[in-house]
Amino acid sequence: MATPDDEPSRERRFPDTERLQRDFPDTGAPATTPGLVVTEERLADGRHITYFGIAR
Amino acid sequence: MSERRYDPTHDEWVTFATHRQDRTYKPPADACPLCPTRPGGPPTEIPREHFEITVFDNRFPSLSTTPPAPDVAGTDLVPVEPAYGHCEVVVFTDEHEATLASVGIQRIRLLVDAWAHRFAALAADPRVGYVLPFENKGEAVGVTLHHPHGQIYAYPDVPPRPAREQRAASKHRAETGRCVFCDVVAQETGGPRVVVEGTHFLAAVPPWARFPYEVDLWSRDHIGTLPELGAAARDDLARVLARVLAGYDSFFGFRTSYLLGIHSAPVNVAADERALGHLHLEICPPHRGEGKLKYLAGSETFGGAFLTDVAPEVAGARLRAATTDVEVPA
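Undergrad: How should the overall build of chain B be read in this particular structure?
TA: Each helix and strand in chain B was counted, giving 7 helices and 14 strands. Since a compact globule built from 330 residues should have a radius of gyration of about 20 Å, the 20 Å found for chain B is in line with a globular shape. Expressed along its principal axes, the backbone C-alpha trace of chain B runs to roughly 60 × 55 × 40 Å. Across the 330 residues that make up chain B, the buried fraction comes to 54%. Carbon and sulfur atoms provide 53% of the accessible area of chain B, an area that totals close to 14200 Å². Treating the 32 positive side-chain charges of chain B as one cloud and the 43 negative ones as another, the clouds have centres 3 Å apart.

Undergrad: Help me understand the environment of B:Ala69, please; the structure alone is not making it clear to me.
TA: Residues and elements named next belong to chain B. Within the secondary structure, Ala-69 sits in the loop between β3 (53-57) and β4 (80-82). Look at Ala-69 and you get exposed, because its relative accessible area is 61%. In this structure, the C-alpha to C-alpha distance between Ala-69 and Pro-82, residues 13 residues apart in sequence, is 5.8 Å.

Undergrad: So what exactly am I meant to see when it comes to the pairing of strand β12 (residues 280-284) of chain B here?
TA: In the case of a regular strand, side chains alternate between the two sheet surfaces. All names here are of chain B. By the criterion of burial, β12 is predominantly enclosed, with 5 of the 5 residues buried. Residues His-280, Glu-282 and Cys-284 point to one face of β12 and Leu-281 and Ile-283 to the other, with burial holding for every one of them. The pairing of strand β11 (residues 258-263) with β12 spans 5 bridges and is antiparallel. Its bridge partner lying in β12, Leu-260 is registered against Ile-283.

Undergrad: Hey, could you run me through the nonpolar core in this one?
TA: In a soluble, globular protein the nonpolar side chains are often hidden away together inside. Residues and elements named next belong to chain B. Core analysis: the largest hydrophobic core is formed by 58 residues, its most contacted members being Val-215, Leu-217, Leu-241, Val-244, Tyr-248 and Ile-283. Ranked by residues supplied to this core, first place goes to helix α4 (residues 231-252) with 11 residues. Every residue in contact with Leu-241, bar those within four places of it in the chain, is listed here: Ile-108, Trp-115, Leu-217, Leu-260, Leu-281 and Ile-283.

Undergrad: Please clarify how the pairing of strand β5 (residues 86-91) of chain B should be interpreted in this entry.
TA: All names here are of chain B. Most of β5 is tucked away: 6 of the 6 residues are buried. Covered by surrounding structure in β5 are His-86, Glu-88 and Val-90 together with Cys-87, Val-89 and Val-91, the residues of both alternating faces. Taken together, the 6 bridges between β5 and strand β7 (residues 149-155) define a ladder with antiparallel strand orientation. Pairing of Glu-88 across the sheet is with Ile-152, part of β7.

Undergrad: Is there a simple way to explain the pattern of salt bridges in this structure?
TA: When the charged atoms of two side chains lie near each other, side chains of opposite charge can form a pair. Overall, the coordinates contain 23 salt bridges over all chains when judged by the stated rule. Of the charged contacts in the structure, one is a salt bridge between B:Glu3 and B:Arg5, with a shortest N-O distance of 2.8 Å. Where salt bridges share partners, they join A:Asp45, A:Arg47, B:Glu45 and B:Arg59 into one cluster.

Undergrad: Whenever I open this one, the side chain of B:Thr99 confuses me. Can you help?
TA: Residue and element names in this part refer to chain B. The topology assignment puts Thr-99 in the loop between β5 and α1 (105-123). The class for Thr-99 is buried, based on a relative accessible area of 7%. Beyond its immediate stretch of four places on either side in the chain, Thr-99 contacts Lys-137, Pro-148 and Arg-255.

Undergrad: Explain the packing of α1(B) against α4(B) here, please?
TA: Residue and element names in this part refer to chain B. Packing of α1 against α4 brings their axes to within 8 Å, and their N-to-C directions diverge by 125°. For the element pair α1 / α4, the angle class is oblique. In this structure, α1 meets α4 at a crossing whose hand is right-handed. Together, Ile-105, Ile-108, Arg-109, Val-112, Asp-113, Trp-115 and Ala-116 of α1 and Ala-231, Arg-234, Asp-235, Leu-237, Ala-238, Arg-239, Leu-241 and Ala-242 of α4 make up the contact between the two elements. Split into classes, the residues belonging to the contact of α1 with α4 amount to 10 nonpolar, no polar and 5 charged.

Undergrad: Help me understand the environment of B:Arg127 in this model?
TA: All names here are of chain B. Locating Arg-127 in the fold gives a position in the loop between α1 and β6 (130-137). Separated by 141 residues in the primary sequence, Arg-127 and Asn-268 place their C-alpha atoms 7.9 Å from one another. In this structure Arg-127 touches Tyr-84, Tyr-155 and Pro-156, once residues within four positions along its chain are discounted.

Undergrad: Where do I start with helix α2 (residues 160-176) of chain B in this structure?
TA: The α-helix advances 3.6 residues per turn, and as a result positions three or four apart in sequence lie on the same side. Residue and element names in this part refer to chain B. Taking 1.5 Å of rise per residue, 17 residues should cover 24 Å, and α2 covers 24 Å from first to last C-alpha, within 8% of that figure. The complete set of buried residues in α2 reads Pro-162, Ala-163, Glu-165, Gln-166, Ala-169 and His-172. Next to the buried residues of α2 lie β6, α3 (180-188), β11, α5 (271-274) and β12. In the stretch just after α2, Gly-177 is the one whose phi turns positive, near 85°.

Undergrad: Would you take a moment to explain the interface of chain B and chain A for this structure?
TA: Many analyses report the size of an interface as the accessible area lost when the parts associate. Opposite the 32 residues of chain B that make contact, chain A presents 29 residues. A buried area of about 2400 Å², summed over both sides, lies between chain B and chain A, and 55% of it is on carbon and sulfur atoms. On the chain B side of the contact with chain A, B:Arg48, B:Asp57 and B:His117 bury the most area, a combined 22% of that side's loss. Across the chain B-chain A interface, the total number found is 2 salt bridges. Run the count over chain B and chain A and you get 7 residue pairs in polar contact (both at pLDDT 80 or more). Those elements that place two or more of their residues in the side of chain B that touches chain A are β3, α1 and α4 of chain B. Looking at the side of chain B that touches chain A, the element that brings in the most residues is α1(B), giving 10 residues. Of the residues in the side of chain B that touches chain A, the class split is 16 nonpolar, 5 polar and 11 charged. Pairing of strand β3 (residues 48-54) of chain A with β3(B) involves 4 bridges; the strand directions are antiparallel. Within β3(B), the position partnered with A:Phe52 by the bridge is B:Ile53.

Criteria and cut-off values
Residues numbered from 1 in each chain as written. Chains lettered and ligands numbered in written order. Predicted model: local features only at pLDDT ≥ 70, side-chain atom pairs only at ≥ 80, totals over all residues. Heavy atoms only, no water. Helix = DSSP H or I, 4+ residues; strand = E, 2+ residues; numbered from the N terminus. Rg over C-alpha atoms; globule rule 2.2 N^0.38 Å. Buried < 20%, exposed > 50% of the residue type's maximum accessible area, 1.4 Å probe, protein only. Areas by Shrake-Rupley, 256 points an atom, 1.4 Å probe, with all protein chains shown as cover. Lys, Arg positive; Asp, Glu negative; His and termini not counted. Charge placed at Lys NZ, Arg CZ, Asp CG, Glu CD. Pairing = 2+ DSSP bridges. Core = buried A, V, L, I, M, F, W, Y, C linked by side-chain atoms within 4.5 Å. Contact = heavy atoms within 4.5 Å. Salt bridge = Lys/Arg side-chain N within 4 Å of Asp/Glu carboxyl O. Axes fitted to C-alpha atoms, helices over the stretch in contact; angles between N-to-C directions. Parallel < 35°, antiparallel > 145°, perpendicular 65-115°, else oblique. Left-handed = near helix turned anticlockwise from the far one by under 90°. Nonpolar A, V, L, I, M, F, W, Y, C, P; charged D, E, K, R; others polar. Expected span 1.5 Å × (residues − 1). Buried area = accessible area lost by both parts, 1.4 Å probe. Polar contact = N/O pair within 3.5 Å; in protein donor to acceptor, adjacent residues only side chain to side chain.

Written out as structure tokens, the structure reads:
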């Protein structure tokens, strides 16, 4: 079964509300940044790389 | 070798990462590993032509999620363990000659989001006890890559200085029922050491500054970690930090070297311990004047007792004047 780490690229909008509320349960309303795009990939040697940008 | 050895005489761990001796050392600009990979150019760490902010696992980590077995056997007195943890590189821009002071408020705002995102991701590892984003900037503090970047370390426990903060916060709370940082913010607001007054963050030379022009940015609200910051607080942090950094360059008249660290609440600890943490940034330039550096000498290294040549009130007034009229890139 594929796991998230098996995916070559994942793009998702931030904030990841579900994850924030799980890991930081006493967090209030999570911050929202209009247009924020987070893309997670793997480098050729397997290391993680994450790109942060603003969609324009 | 990548291992941690316990110092029972000081109750702290020391990490040995001997492979880092081979890391890239002051490469020329056309061989920078943190620049984007240009068409026809050599591949770098970042396989894109353009990017805004990029975070990736350090090729030469001090701490690793798959550390090798220690080279030496530990003892009951001096335990030795694999150096578990995470080390990430945060590249602030694809422009080699930029600095965090020059990239502008919008980019720093994006950086706050990136810090918060990675903090949450690293804190999700139950073996992590503390997440420390930091930037070492400039040759005066030993930087080996000049491309604007910082790092994030996720330690398996709380490092000595944040641990001392926790103990101090616990003592203050036991004595007063209040957060020591909240009391500091209340005392310093409007005072002679203020550098920049934000709505959510206060930047000031602390009364106990260890470096002549140290500036701390304290959250006005009792917030423990970056992911807990709301949008307005993130906006304000970006504005205040951009102004402080621009003010440094204006005051000194050159690209200021500094160490910048973000102190937060520990992670994967009991709620009452975590509640003691109060988010703040510490910025420590080594400069005490043009051509003059503050070194960690005998008193600081062996005594742990800092001696500072500039009164915090004088430093605060000078930096406040420098930040008031400085042009801050949007």
